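# Secondary and tertiary structure notes
The chain contents come next:
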Amino acid sequence: MVLEALLERPGEVVDRGTLRQRLWPEDHHVDVDGGINAAVRRLREVLGDSASNPRFVVTVPRRGYRFIAPVEVVGDESTVAKAQPTADGADDSADAYQSGESAEIQDPRVQGDSPRTPMWAWGIAALGLVAILVSVFDLLSGRLAGSTPREPVPVSAESSVVRLAVLPFATRTPDPNRAFLGDAVTDELIVRLGRLAPEQLQVIARASVQGFRDGAFDLATVARQLDVDFVLEGSVQQERERLRIHVALVATERQHQMWSRTFEREIGDLLTFEREIAEHVAQKLALELEMTGESQAAKGRSHELYLEGQHFLQQLGENDLRIALRSFDEAVREDPQLAEAYAGSALAWVLMATFDFADASQAFDQARDFADRALSIDPDSARGTLVSALVHELHLWNFDAAEPLFQRALELDPGSPYTLLFAAAFESNLGRQERALELAHRALDLDPLSSTVNAQVCWRWFYARDFDRADARCRRAIELAPSFLLGWDTLKWVHIRQGHVDAASDFLRVVELEGDYIDQIAFLQELASREGIEGLLRISVQDPERRLAASGQSPFNLALDFAALGQAAPALHWLELAYDARESDLVSVAVDPRLDVLRDEPRFQDLLERMGLDRVDSGAPAPLQPLP
């Protein structure tokens, strides 16, 4: 019947609803998705066809199937017609699921000029996606006996997006060198599930779930703070050479555990566990594993090293980044085709450059080399594409080349808050503040409890010159992490630009957190009480060469301090030195409100022209007057 339905409409998409009507009567209750998948699999077996390299039947993601081979329709002797596939048939085959017939998400959007999709249709689409999430875990371990029926998924029919939080997996192992495994599994699942279908499934990012670990929470709190429909939680336990992984899916509305299961894997088989989840949940990723024996063990070891590198990469300290680089290097020695390990090294070198942990030119050269290696292996590497975009923006200042790379990175990984934030900063630096704010708030929606994300959203409002909203977002970042240096430093600049009375106290808090001049804090407090922020800024620019060498202060930061004091000549001098050093911070020079006092200076205009930023609209209403 499946073949008959496809042959009746050769070259056209036959949706799964049509197939369901052909295969089963209305009152017959079956696993529809599983039954259709099995029927199409059997049809392909008979035809000698393949889902990954189809000659007859193509899977059209989120819609159904298309018969692509030429079909000769034979009627009576007077009527003979030939039906051919539609012109775009080959294009859809590139998106076909490569791992067989995993259950598909029905696309809630109506194609072409059809009427607007009613709200109930969006609700059905959301329910369909959750059903996949619920059934995925049964598939992970094959056919498991003893499964009990589950209640319907408690998602409102008005909802078009399902929100899921993957809580930190606990690690229970006597080996301290494997303490990272729980976080590594958590991070990988967040990334993989986040790439599913961002229009229908939003996965909360890593930073916002870190406070919910080891059972130190209740589901009502998780649901309220993260606004999620479901929670995925678990643990990783090592016993000799095996890993025991427990996973549970919980609906937060009724605090109802919908499913739980314990799996056992060989230590070198962690990669398989993660990819099975991706196979059965992430239909668009649908990775096809063909690993056996020694090859699989080697890939498992390389993947474990990659996870170790990923863990340290996210710590952001200089020593952590160097450990991450070593781990990624060992990973590619084990598996030279592991594209994401090269991409991890690339991102680590970008961070080394931007945090001034390494010579910027050398670090960016390394980043570019590793990104190129990642993309040569996997042209669809989201992180490799992102790093390539960052190198073109932050180091080469080739904004025309960077733009399509950022767009591609967003297409490849639309559920990553950090990809969204990097792209938002790029848009902001080019004066496109509305688009920047849209991307930044999408990141915030995915990672609402991250102090870093909140601080970055603050910067986007700051560059858009909405200082009140910037102030509020910075305060939220500090509320989440009271000792968050970036949050306080950002708030300091917002208040300086506003002429806010708290600017001096913000400055002192930054000094305390940095710890460089803590022995002078009493003097600085007394100076602040007499001269306010102006006095503190004057101290910060005294003997700038010595301070540059002693504290690691950058030329760009010194230029900002001089500009805040209204001293154009030294500000321009230090901007030129930042230009010579190709400081990555300089990419924001066209829109940074802290430099508004310089905008009418010919030397400043010349700098913008040399960087290719002279046509960017700064959004500045008028030249800023110096501090009183």
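Everything numeric in this text was worked out from a predicted model, so none of it was measured.

### Observations concerning the side chain of Thr186
On the secondary structure map, Thr186 appears in helix 6 (residues 181-194). Separated by 2.8 Å, the side chain of Thr186 and the backbone nitrogen of Phe169 make a polar contact. In contact with Thr186, not counting residues within four places along its chain, are Val166, Leu167, Pro168 and Phe169.

### Remarks on the pattern of salt bridges
Under the counting rule described, the total for this entry stands at 25 salt bridges. A salt bridge links Arg432 to Glu403; its shortest N-O distance comes to 2.9 Å. Taken together, the positions of Arg432 in the loop between helix 16 (417-429) and helix 17 (433-446) and Glu403 in helix 15 (residues 399-412) put the pair 29 residues apart, joining distant regions of the chain. By relative accessible area, which is 31% here, Arg432 ends up partly exposed. On the accessibility criterion, Glu403 (22% relative accessible area) is partly exposed. For the salt bridge of Arg594 with Asp592, the shortest nitrogen-to-oxygen distance reads 2.7 Å. Residue classification places Asp592 among the buried residues on the basis of a relative accessible area of 0%. The network of salt bridges with shared partners includes Arg465, Arg497, Asp596 and Arg599.

### Re the packing of helix 18 (residues 451-463) against helix 20 (residues 485-498)
Across the interface, helix 18 lies against helix 20 with an axial gap of 10 Å and an inter-helix angle of 20°. In terms of axis orientation, helix 18 runs roughly parallel to helix 20. Viewed along their axes, helix 18 and helix 20 form a crossing whose handedness is left-handed. Listed contacts from helix 20 to Ala455, Gln456, Cys458, Trp459 and Phe462 of helix 18 are Leu486, Thr490, Trp493, Val494 and Arg497. Residue composition of the contact of helix 18 with helix 20, grouped by class: seven nonpolar, two polar and one charged.

### Some remarks on the packing of aromatic side chains
Evaluated as defined, the whole model comprises ten aromatic pairs. Ring geometry for Phe462 versus Tyr463: centroids 6.1 Å apart, planes at 40°, classification tilted. Comparing Phe462 with Tyr463 shows no difference in burial state: the two are buried. Ring pairs connect the aromatic residues Trp459, Phe462, Tyr463 and Phe467, which therefore count as one cluster. The residue whose ring lies beneath Arg582 is Trp397, and the NZ or CZ to ring-centre distance is 4.1 Å. When the ring centre of Trp493 is taken as reference, the NZ or CZ atom of Arg594 above it lies at 5.2 Å.

### A closer look at the pairing of strand 6 (residues 162-166)
Taken across its five residues, strand 6 has five buried, putting it largely inside the fold. When strand 6 meets strand 8 (residues 201-203), the two strands line up parallel, connected through three bridges. Bridge pairing in strand 8 places Leu164 opposite Val203. Examined bridge by bridge, strand 6 and strand 9 (residues 230-239) share three bridges and lie parallel to one another. In the strand pairing of strand 9, Leu164 is matched with Phe230.

### Details of the state of the cysteines
Counted according to the given criterion, the structure contains one disulfide. Through a disulfide, Cys458 is tied to Cys474; the S-S separation comes to 2.1 Å. Handedness of the Cys458-Cys474 disulfide follows from its S-S torsion of about -75°: it is left-handed. Within this pair, whereas Cys458 is found in helix 18, its partner Cys474 is found in helix 19 (residues 467-480), the two being separated by 16 residues in sequence. As far as burial versus exposure is concerned, Cys458 and Cys474 are alike and both buried.

### Remarks on the packing of helix 14 (residues 382-395) against helix 15
The N-to-C vectors of helix 14 and helix 15 enclose an angle of 160°; their axes lie 8 Å apart at closest approach. Comparing the axis directions of helix 14 and helix 15 gives the class roughly antiparallel. Considering the relative orientation of helix 14 and helix 15, their crossing is left-handed. Only Phe399, Ala401, Ala402, Leu405, Phe406, Arg408, Ala409 and Leu412 of helix 15 make contact with helix 14, whose side of the interface consists of Ala382, Thr385, Leu386, Ser388, Ala389, Leu390, His392 and Glu393. Residues that form the contact of helix 14 with helix 15 fall into these classes: eleven nonpolar, three polar and two charged.

### What to know about the environment of Val185
By the secondary structure assignment, Val185 is in helix 6. Spatially, the C-alpha atom of Val185 lies 9.9 Å from that of His311, the residues being 126 residues apart in sequence.

### Examining unusual backbone geometry
Residue Asp227 is not a glycine yet carries a positive backbone phi of 55°. By secondary structure assignment, the location of Asp227 is in the loop between helix 8 (219-226) and strand 9. Residue Asp227 is classed as exposed on the basis of its relative accessible area, which comes to 52%. Even without glycine at this site, Trp397 takes up a positive phi of about 55°. Relative to the helices and strands, Trp397 resides in the loop between helix 14 and helix 15. A relative accessible area of 9% places Trp397 in the buried class.

Rules behind the numbers
Residues numbered from 1 in each chain as written. Predicted model: local features only at pLDDT ≥ 70, side-chain atom pairs only at ≥ 80, totals over all residues. Heavy atoms only, no water. Helix = DSSP H or I, 4+ residues; strand = E, 2+ residues; numbered from the N terminus. Polar contact = N/O pair within 3.5 Å; in protein donor to acceptor, adjacent residues only side chain to side chain. Contact = heavy atoms within 4.5 Å. Salt bridge = Lys/Arg side-chain N within 4 Å of Asp/Glu carboxyl O. Buried < 20%, exposed > 50% of the residue type's maximum accessible area, 1.4 Å probe, protein only. Axes fitted to C-alpha atoms, helices over the stretch in contact; angles between N-to-C directions. Parallel < 35°, antiparallel > 145°, perpendicular 65-115°, else oblique. Left-handed = near helix turned anticlockwise from the far one by under 90°. Nonpolar A, V, L, I, M, F, W, Y, C, P; charged D, E, K, R; others polar. Phe/Tyr/Trp six-rings, centres within 6.5 Å; stacked < 30°, edge-to-face > 60°. Lys NZ or Arg CZ within 6 Å of the ring centre and 35° of its normal. Pairing = 2+ DSSP bridges. Disulfide = S-S within 2.5 Å.

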